[in-house]
Amino acid sequence: MAGPGRSQAEQEGLDRRFMAAALRLSRKNAGRTATNPSVGTLIVRDDGTGPMIVGTGVTAVGGRPHAETEALAEAGELARGATAYVTLEPCAHHGRTPPCANALLNAGVTRVVGAVSDPDPRVSGKGYAILRAAGVEVVERVLAAEAAEQMAGYLIRSLKKRPEVILKLALSSDGKIGMEGEGQVSITGDIARREVYLMRAEADGILIGIGTALEDDPALTVRLPGLENRSPARIVLDRQIRLPETSKLVAGVDRVPLYVAACAEADPYRRAALERAGVRFIGTETYEGDIALPELLEDLAALGMASVLVEGGAKVAKAFLAEGLVDRIVLFQGQEPIGRSGIVSPIDANHIPAGFRKLRDMRFGEDSYAEWIRDI
Ligand code: AOF
Ligand code: ZN
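An unreviewed UniProt entry annotates the chain as Riboflavin biosynthesis protein RibD of Mesorhizobium wenxiniae. The UniProt entry for the chain carries the following text under Function (unreviewed entry): "Converts 2,5-diamino-6-(ribosylamino)-4(3h)-pyrimidinone 5'-phosphate into 5-amino-6-(ribosylamino)-2,4(1h,3h)-pyrimidinedione 5'-phosphate."

Caption draft 1: Layout of the overall build of the chain. Across its full length, the chain carries 12 helices and 18 strands. Over its C-alpha atoms the chain spans a radius of gyration of 23 Å, differing by no more than 12% from the 21 Å that the globule rule assigns to 376 residues. Overall, the C-alpha framework of the chain stretches about 70 × 45 × 40 Å when taken along its three principal axes. For the chain, contacts bridging at least 24 residues in sequence account for 72% of all contacts bridging at least 6. Split by element, the accessible area of the chain, about 17,400 Å² in all, is 50% carbon and sulfur. Once the 45 positive and 50 negative side-chain charges of the chain are each reduced to a mean point, those two points are 2 Å apart.

Caption draft 2: A look at unusual backbone geometry. That bond from Arg64 to Pro65 is cis: its omega, -10 degrees, falls within 30 degrees of zero. Within the secondary structure layout, Pro65 lies in the loop between strand 2 (51-58) and helix 2 (67-75). Of the consecutive residues Gly312 and Gly313, the connecting peptide bond is found in the cis state with omega at -5 degrees. Here Gly313 is to be found in the loop between strand 14 (307-312) and helix 12 (314-322). For Ala34, which is not glycine, the phi dihedral falls at a positive 55 degrees. With respect to the helices and strands, Ala34 occurs in the loop between helix 1 (8-26) and strand 1 (40-46).

Caption draft 3: Highlighting the coordination of the zinc ion (ligand 2). Around the zinc ion (ligand 2), the protein supplies His66 (ND1), Cys91 (SG) and Cys100 (SG) as donor atoms, at distances of 2.0 to 2.2 Å. Spacing between the donor residues of the zinc ion (ligand 2) along their common chain follows H-x24-C-x8-C.

Caption draft 4: Structural detail: the site of ligand 1. Taken together, 18 residues sit near ligand 1, with Thr59, Arg64, His66, Asp118 and Asp120 positioned nearest. Contact distances for ligand 1 include 2.8 Å between an oxygen atom and a side-chain N or O atom of Thr59. In this structure, Glu68 approaches ligand 1 through a side-chain N or O atom, which is 2.8 Å from a nitrogen atom. The protein chains hide 88% of the 520 Å² of surface that ligand 1 would expose on its own.

Caption draft 5: The domain arrangement of the chain, seen in detail. Under the domain assignment, the chain is made up of domain 1 (8-150) and domain 2 (154-374). Computed over C-alpha atoms, the centres of domain 1 and domain 2 are 34 Å apart. With 13 residues of domain 1 at the contact, the number on the domain 2 side is 13 residues. Taken together, both faces of the contact between domain 1 and domain 2 bury some 1,100 Å²; the carbon and sulfur share is 54%. If you sort the residues of domain 1 by the area they bury against domain 2, Thr35, Pro119 and Glu149 come out on top, with a joint share of 46%. On inspection of domain 1 and its partner domain 2, the count reaches 3 salt bridges. The salt bridge involving Glu149 is made with Arg360; its shortest N-O contact spans 3.6 Å.

Caption draft 6: Representation of the side chain of Asp120 in the model. Along the polypeptide, Asp120 turns up in the loop between strand 4 (111-116) and helix 4 (126-133). Its relative accessible area of 14% is what places Asp120 among the buried residues. Within the structure, the side chain of Asp120 is placed 2.8 Å from the side chain of Arg122, a separation counted as a polar contact.

Caption draft 7: The UniProt feature "binding site: Zn(2+)" (unreviewed entry) in the chain, seen in detail. Cross-referencing UniProt, the feature "binding site: Zn(2+)" (unreviewed entry) maps to His66, Cys91 and Cys100 in the present numbering. Across 35 residues in sequence, these annotated residues keep their C-alpha atoms within 8.9 Å of one another, forming a single compact spot. Note on placement: His66 falls in the loop between strand 2 and helix 2. For His66, a relative accessible area of 10% translates into the label buried. If we ignore the near neighbours within four places in the chain, the residues touching His66 are Asn36, Thr59, Cys91, His93 and Cys100. Along the chain, the position of Cys91 falls in the loop between strand 3 (83-88) and helix 3 (100-106). For Cys91, a relative accessible area of 5% translates into the label buried.

Caption draft 8: The sheet that holds strand 3, seen in detail. Across the sheet, 5 strands lie side by side as 2-1-3-4-5; this open sheet has mixed pairing. The sheet terminates laterally at strand 2 and strand 5 (137-139), the two strands that pair on one side only. On average, each strand axis in the sheet is inclined to that of its neighbour by 20 degrees, with strand direction left out of account. As judged from the 7 bridges shared by strand 1 and strand 2, these two strands associate in the antiparallel manner. Across the sheet, Gly40 pairs through a bridge with Val58, a residue of strand 2. Where helix 1 meets the sheet, its contacts fall on strand 1, strand 2, strand 3 and strand 4, and the angle it forms with strand 3 comes to roughly 55 degrees. Each of strand 1, strand 2 and strand 3 is contacted by helix 2, which is oriented at about 135 degrees to strand 2, the strand it contacts most.

Each value, and the rule that gives it
- Within each chain, residues carry numbers counting from 1 in the order of the written sequence.
- As a convention, the first chain written is A and the first ligand written is 1, with the rest following in written order.
- A pLDDT threshold of at least 70 governs which residues receive local features in this predicted model, and a stricter bar of 80 or more applies before side-chain atom pairs are shown or counted, although totals over entire chains, interfaces and linings include all residues.
- Neither water nor hydrogens contribute to the side-chain values; these are computed over all heavy atoms in the structure.
- UniProt positions are given in the numbering used here, feature names are shortened, and annotations may be inferred rather than shown by experiment.
- Every helix listed is a DSSP run of H or I at least four residues long, and every strand listed is a run of E at least two residues long, numbered separately from the N terminus.
- Two things to know: the radius of gyration comes from C-alpha atoms, and the globule rule equals 2.2 Å times the number of residues to the power 0.38.
- Every residue pair with non-hydrogen atoms within 4.5 Å of one another is taken to be in contact.
- Where accessible areas are quoted, they stem from the Shrake-Rupley method and a 1.4 Å probe; at the residue level, only the protein chains shown are allowed to cover.
- Lys and Arg are tallied as positive, Asp and Glu as negative. Neither His nor the chain termini are counted.
- All charge positions are set by atom: Lys at NZ, Arg at CZ, Asp at CG, Glu at CD.
- Each metal's donors are the N, O and S atoms found within 2.8 Å of it, except that Na, K and Ca use a 3.2 Å limit; water is left out, so coordination can look incomplete.
- Any residue with a non-hydrogen atom lying within 4 Å of a molecule or strand is treated as near it.
- Pairs of N or O atoms within 3.5 Å make up the polar contacts considered here, provided that, within protein, one atom can donate a hydrogen while the other can accept it, and that residues adjacent in sequence are counted only when both atoms are side-chain atoms.
- Domain borders in the structure are assigned automatically or taken from a domain database.
- The buried area of a pairing is the accessible area, by a 1.4 Å probe, that goes missing from both parts when the two are put together, added over both.
- Only one rule defines a salt bridge in this text: a Lys or Arg side-chain nitrogen within 4 Å of an Asp or Glu carboxyl oxygen.
- Relative accessible area decides the class of each residue, using a 1.4 Å probe on protein chains only: under 20% of the type maximum gives buried, over 50% gives exposed, and in between gives partly exposed.
- A pair of strands is considered paired only if DSSP assigns at least 2 bridges between the two.
- For helices, the axis comes from a line fit to the C-alpha atoms of the stretch in contact; other axes are also lines fit to C-alpha atoms, and the angle between any two N-to-C directions lies between 0 and 180 degrees.

Structure (structure tokens):
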């Protein structure tokens, strides 16, 4: 049903606009809602003078209360006869509060516009069904692709029992990602580096191989003023436990968790030494001499991680790509060449695997940026 005096096309346009606003709002707590997705809700009413937002809500930090609770509280009596825009199907299960589908009903909402349906088996389809059974008009899949992209971590963890894998590489102008034996080579500028910190702040884990850990001695933390406490867990693929206790990764362990993925046969003395320093271990299976990545990702999902940023090096990037385990590719490209002795990137903008589509192109200072995703 269209709103007062509006054609269906006009109503669809309005629905997309409000959903886009709800999606922007939902970004507020992205990366801070634990295993819950950060959902946005708008309550919009129209008394004949045009649509007006009377309530806004985002899933709270930690995952509860849900977005609808906040938006309905703000709208109060004004929710009666209003439309709710929800970026995820309202829940149908009893948690610490009653289901959001029922809360919308009780508040008198008469129309619900949703983006993605919730794959959580406690909800899947049931949230919309509760609303429809009570006579509420439900419109599904408005800006569904955009919402799925924003909630990819949550959706992938629910559907595939593993975190979303984001492969991030910084390439020199001649397509190199570093230089053997040179430690950290600066490829992109300060502005791009800050963007990487923001990406880290929204991820649940940052993963590297032991080669990069030994070569670069990175800290893998978020070093932006005010966001220092947003560093996600660090994960090192280190089959034989070669990570030194003196590394920056180990030094930061009191502030930010560090997981070492090692095989069961690795040196128990090395393991004990790192454990004394506060490092946590994930026992891994090996496949053809390397860590079995699907099983490792399952373990990370079980630890609550919905997104993992793979930051190096070439071998690890290749392994994730070869197994079809990359969901999103992010390439930064600097202005300067590294030259012939550089390590060739396993991937560049002209060689993106089939099945990925480009999401955006941006610039950060002098550096260019491009991002690709594939359907979940
Ligand atoms: C909503 N609105 O804002 C969010 C929802 O642990 P609980 O009880 O919070 O349940 C987690 C589930 O709630 C999660 O798997 C997803 O199905 C849903 N998230 N639902 O109605 C929200 N964040
Ligand atoms: Zn809910």
